[in-house]
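# Breakdown of the fold
Listed here are the chains, written in short residue letters.
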Amino acid sequence: MTSTIKGHHASFMVKATLAVFATVTAVLTAMPVSFAANDVLRVRIGSDVGVLDPARIFGIENQTVAGHIYNGLVKYDQATNKIMPDLAREWTVSPDGTEYTFKLRDGVTWHKGHGELTADDVKFSLERVLDPETKSRYAGQLAGVTAVEAVDKLTVKVKLDKPNAGLLNKLTAFNQGWIVSRKAVTEIGDKNYQMQPIGTGPFMFEKWTPGNQVTVTANPDYFEGAPKIAGVAFKLIKDETAAAIALENGEIDIFFALQQPVIIDRLKNAKGVTVQDRPANHTINLVLNTSKKPLDNVKVRQAIAYGVNREGLIKGYFKGTKAMGHSVLTSSFPEYTEDLPQYPHDPEKAKALLAESGVGAFELELVSVGLSPYDQLIIPVANDLNKIGIDTKITILERGAYLQARTKGDVMTVITGVVGPPDPDSPLVTLYATKSFPPGLNTARYDKADELLARAAGELDPAKRTGIYRQLLKQTMTDVPVLPLYADRLFIAHSDAVSGFVQNSLFTMQSYSVSLNR
């Protein structure tokens, strides 16, 4: 589905979107699963899944489901973000920092009879992401890897062209760090595998009913012990009011990706409901394609930054539940700083910069995925830019078309979130590195960050590394290839039947620690 709205007609899109959400919610029915209903955790997701292949995965719903199925060599502690062993029980680093040797756990088995995990599976997984034929959005995250060697059945060595202080963050259980089975991918086929995932994780993929729900069942042979629940049903409920009612009525147990302030307040006052929140490693951004005129002109980009009333968006639309985006790093990152160029809402300064740029009148296409809140917050952004003399056109794309547009990389703008491990290299490489040009996610086609990114990655002194990243943040907030609209907070609500749930900062959720007491 593609929708295009110009100027002040944008409000029609919100009504149409809500109408679609209401229709989808009305026809949502429970799908029978193969385990006892009282032992199944029911989780609301706000968008359907579609790709559970780590090399190609995108979107918090896909990432959340995948996080139940896969493991990485290492993982983050859900509460503290500390890096911990996962498939690797231990690892060593060579004195020069260019070789990481991982010793794998013995006896880890793949789901559904696909054999035991070996070093060859790790080699296959990482090389698959790096292979240009895969067209992985995350190849840039592993760009410093020169070789992956299966030394023996349970030993794998990752070689780098130069030291990279953030390598372990690249190999955590997230996106390109999730390990797949060579046997499973080969037998199932590269395309079919996208929705027939095989992992080693605490839950096994069972079934996907498009537009309805995804179910995963407990893995009784999980190497850290079987989960305390029989499975998880991820139920698609797009409309947040409908999801709140479902939680209050005991029809779901966890409300994931809670966004709307009025619903947050409602659930905070609801009986038998707990609302958790914490800063997320997640910003929502307006990406400006610097290869497209007139966005190649820095004064135009700075004018857009002054023209968007970001504080009004946070205080008005989000009622203070979000924070100002001072850069693409949120306060959950140790490298976070506010000592950066600031762009308070100043329409007159924006108009003056546009006049100085000499570009004259132009139309700016604002592209968003058709998901809440992106397809709604784009409207006040467009209205703000209209007021400084930029003629805006809003284009709303369904997720598949949106990803195709980003992969092709010729759109003028996109509104996008960037989420990842709590290491600055991940979002900064994603948005600013030339090795992340489309089909990667550097839709801005920004080409001035590579030298600083390389210096920071190779710097082993934490304080010096932080200084380099802050230098890069100052540069990018001067050049404004990406305008952070706000820094996110992750809100999740759950019923009193849920115990043991731990909220992470990755804008995902994990059910392994959960018990149900209905």
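Below is a summary of the structure that appears in this document. (Residues numbered from 1 in each chain as written. Predicted model: local features only at pLDDT ≥ 70, side-chain atom pairs only at ≥ 80, totals over all residues. Heavy atoms only, no water.)

### Structural notes on the sheet that holds strand β16 (residues 413-419)
Selection criterion: In short, DSSP must find at least two bridges between two strands for them to pair. By the criteria applied, helices consist of DSSP H or I runs no shorter than four residues and strands consist of E runs no shorter than two, each listed in order from the N terminus. Fitted lines through C-alpha atoms serve as axes, helices being fitted only where they are in contact, and the angles separating the N-to-C directions of these axes extend from 0 to 180 degrees. Here, residues are in contact when the closest pair of their heavy atoms is within 4.5 Å.
Spatial ordering of the open sheet is given by β9-β10-β11-β2-β12-β17-β13-β16, a layout of eight strands whose pairing is mixed. Every other strand in the sheet has two partners, leaving β9 (203-209) and β16 as the edge strands with one partner each. Within the sheet, the average angular offset between the axes of one strand and its neighbour, ignoring direction, is 20°. Sheet topology note: the strand β10 (residues 213-218)/strand β11 (residues 231-236) ladder contains five bridges and is antiparallel. For T215, the partnering residue across the bridge sits in β11 and is A233. Here helix α6 (residues 240-248) sits on the sheet in contact with β2 (40-45), β12 (254-258), β13 (273-288) and β17 (482-495), set at roughly 155° to β12.

### Looking at the pattern of salt bridges
Side chains that carry opposite charge are capable of pairing whenever their charged atoms lie near each other. Formally: Here, a salt bridge means any Lys or Arg side-chain nitrogen found within 4 Å of an Asp or Glu carboxyl oxygen. In this scheme, a residue with accessible area under 20% of its type's maximum is buried, one over 50% is exposed, and one in between is partly exposed, where area comes from a 1.4 Å probe on protein chains only.
Going through the model one piece at a time under the given rule, you end up with 30 salt bridges. Among the ionic pairs, E149 bridges to K159, the shortest N-O distance being 2.9 Å. Here E149 is found in strand β7 (residues 145-152), whereas its partner K159 is found in strand β8 (residues 155-160), with 10 residues between them in sequence. Here E149 falls in the partly exposed class, since its relative accessible area comes to 32%. With its nearest N and O atoms 2.6 Å apart, the salt bridge here joins R489 to D277. Of this pair, R489 sits in strand β17 while D277 sits in strand β13, placing them 212 residues apart in sequence. For R489, a relative accessible area of 27% translates into the label partly exposed. Residue D277 is classed as partly exposed on the basis of its relative accessible area of 32%.

### Re the packing of helix α14 (residues 450-458) against helix α15 (residues 462-479)
For clarity, the cut-off: Roughly parallel here means an angle under 35 degrees, roughly antiparallel means over 145, roughly perpendicular means 65 to 115, and every remaining angle is called oblique. What makes a crossing left-handed is the near helix being turned counterclockwise from the far one by less than a right angle; a clockwise turn instead makes it right-handed. Any residue outside Ala, Val, Leu, Ile, Met, Phe, Trp, Tyr, Cys, Pro, Asp, Glu, Lys and Arg is labelled polar, Gly included; the first ten of those are nonpolar and the last four are charged.
Two numbers describe how α14 lies on α15: the axes approach to 8 Å, and their chain directions differ by 165°. The orientation of α14 with respect to α15, classified from their angle, is roughly antiparallel. Seen along the crossing, α14 lies across α15 with a hand that is left-handed. Mapping the contact onto sequence places L452, L453, R455, A456 and A457 in α14 and R465, I468, Y469, Q471, L472 and Q475 in α15. Looking at the contact of α14 with α15 residue by residue, the class counts come to seven nonpolar, two polar and two charged.

### Observations regarding the sheet that holds strand β6 (residues 99-104)
Across the sheet, which stays open at both edges, the four strands sit in the order β5-β6-β8-β7 with antiparallel pairing between neighbours. Edge strands, defined here as strands with exactly one partner in the open sheet, are β5 (88-93) and β7. Neighbour-to-neighbour, the strand axes of this sheet turn through a mean angle of 20°, independent of strand direction. Bridge analysis of β5 against β6 gives five bridges, and the strand direction is antiparallel. Pairing of V93 across the sheet is with Y100, part of β6. On top of the sheet, helix α3 (residues 119-130) reaches β6, β7 and β8; it is set at about 165° to β7, its chief contact.

### So, unusual backbone geometry
With omega at 5°, the peptide bond leading from S372 into P373 counts as cis. Secondary-structure assignment places P373 in the loop between β14 (363-369) and α11 (374-387). A cis amide bond, omega 20°, links P438 with the succeeding residue P439. Structurally, P439 can be placed in the loop between α13 (425-432) and α14. Positive phi values are uncommon outside glycine, yet K112 reaches one of about 55°. Its place among the elements puts K112 in the loop between β6 and α3. Unlike most non-glycine residues, V480 shows phi in positive territory, near 50°. Along the chain, V480 falls in the loop between α15 and β17.

### Points about the pairing of β6
Between β5 and β6, which pair antiparallel one after the other, the connecting turn spans five residues, and G97 there sits at a positive phi close to 75°. Sheet topology places β6 next to β8; five bridges connect them, and they run antiparallel. Its bridge partner being in β8, T101 is matched across the sheet by K157.

### As for α3
Going by this rule: To estimate the expected span of a helix, count its residues, drop one, and scale the result by 1.5 Å.
Spanning 12 residues, α3 covers 17 Å between terminal C-alpha atoms, matching the ideal 16 Å at 1.5 Å per step. Structurally, α3 contributes buried residues whose contacts are with β6, β7, β8 and α5 (182-188).

Shape descriptors only; they carry no functional weight alone.
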